[in-house]
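Residue-level structural notes
Now for the letters of each chain:
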Amino acid sequence: KDWHLWGYFNFKENFNCSGYLKDRTKPLPTMEYWETMLEAYNQVVDPTYKFDPDIPPTQGYRLNEDGPPPYYAKLSPGKGRGLF
């Protein structure tokens with residue numbers, strides 16, 4: 001298959017992800033999961049890129065180096081995952 005030419009919808013259809021994507025009860029990714037994704041990114045995309053070590057991705061995102069995380073991930077009952 002020409003997966004390297006695929007877009008979002010091709011992957012969603014091929015791997016039958018519709019049910020998973022609509023599931024509003026799936027948990028937030030764990031730190032172990034994030035570490036796996038960060039390692040995969042470095043292996044496949046850019047081995048020199050360094051992720052922000054000060055704030056774990058499970059605790060928030062910051063817009064600049066001087067400020068606290070303005071957003072944090074949370075599961076909202078009945079609505080699913082999001083940034084708050």
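Here is a short report on the structure shown in this document. Numbers given for residues are sequential positions, taken from 1 along each chain in its written order. In keeping with the predicted nature of the model, local features appear solely for residues at pLDDT of at least 70, side-chain atom pairs appear and are counted solely at 80 or more, and the whole-chain, interface and lining totals rest on all residues. Hydrogens and water are ignored here; the side-chain numbers use all heavy atoms of the structure.

Attention now moves to the pairing of strand β2 (residues 80–83). Each pair of strands is called paired provided DSSP finds at least two bridges between the two strands. Counting from the N terminus, the helices are the DSSP runs of H or I reaching at least four residues and the strands are the DSSP runs of E reaching at least two. Sheet topology places strand β1 (residues 73–76) next to β2; 4 bridges connect them, and they run antiparallel. What sits directly across from Ala73, in β2, is Leu83. Between the antiparallel neighbours β1 and β2 lie 3 residues, among them Gly78 with a positive phi of about 80 degrees.

Planes of paired rings set the category: under 30 degrees apart is stacked, over 60 is edge-to-face and the rest tilted, where pairs are Phe, Tyr or Trp rings (Trp by its six-membered ring) whose centres lie within 6.5 Å. All told, the structure shown has 4 aromatic pairs when counted by the stated rule. Plain terms: the ring middles of Trp6 and Phe11 are 4.9 Å apart, the flat faces sit at 70 degrees to each other, and that makes the pair edge-to-face. Relative accessibility thresholds used throughout: buried, under 20% of the residue-type maximum; exposed, over 50%; partly exposed, between the two (1.4 Å probe, protein chains only). The class of Phe11 is partly exposed, set by a relative accessible area of 32%. Each ring, one from Phe11 and one from Phe15, has its centre 6.2 Å from the other, and the planes form 10 degrees; the classification is stacked. Among the aromatic residues, those joined into a cluster by ring pairs are Trp6, Phe11 and Phe15. One Lys or Arg, Lys26, reaches over the ring of Tyr20 and ends 4.7 Å from the middle of that ring. Two thresholds decide whether a charge sits over a ring: the Lys NZ or Arg CZ must be within 6 Å of the ring centre and within 35 degrees of the ring normal. If you follow Lys74 out to its NZ or CZ, it ends over the ring of Phe84, 5.5 Å from the centre.

Positioned with a positive phi, Asn16 is a non-glycine residue whose angle comes to about 50 degrees. Along the polypeptide, Asn16 turns up in the loop between α1 (8–14) and α2 (18–22). The exposure class of Asn16 is exposed, given its relative accessible area of 65%.

Another point: the side chain of Lys26. Here Lys26 is to be found in the loop between α2 and α3 (31–44). For the buried Lys26, no salt bridge is present, and the opposite-charge side chain at shortest range is Asp23, 5.8 Å distant. Two N or O atoms form a polar contact when they lie within 3.5 Å of each other; inside protein one atom must be a possible hydrogen donor and the other a possible acceptor, and for residues adjacent in sequence the pair counts only when both atoms belong to side chains. A polar contact is formed between the side chain of Lys26 and the backbone oxygen of Tyr20, at a distance of 2.8 Å. Of note is the side chain of Lys26, whose polar atom sits 3.1 Å from the backbone oxygen of Asp23. Residue contacts for Lys26: discarding those within four places in its chain leaves Tyr20, Leu21, Leu75 and Arg81. Note that His is not counted, nor are the chain ends; the positive residues are Lys and Arg, and the negative ones are Asp and Glu. Between Lys or Arg on one side and Asp or Glu on the other, a salt bridge is scored when a side-chain nitrogen of the former is within 4 Å of a carboxyl oxygen of the latter. Every residue pair with non-hydrogen atoms within 4.5 Å of one another is taken to be in contact.

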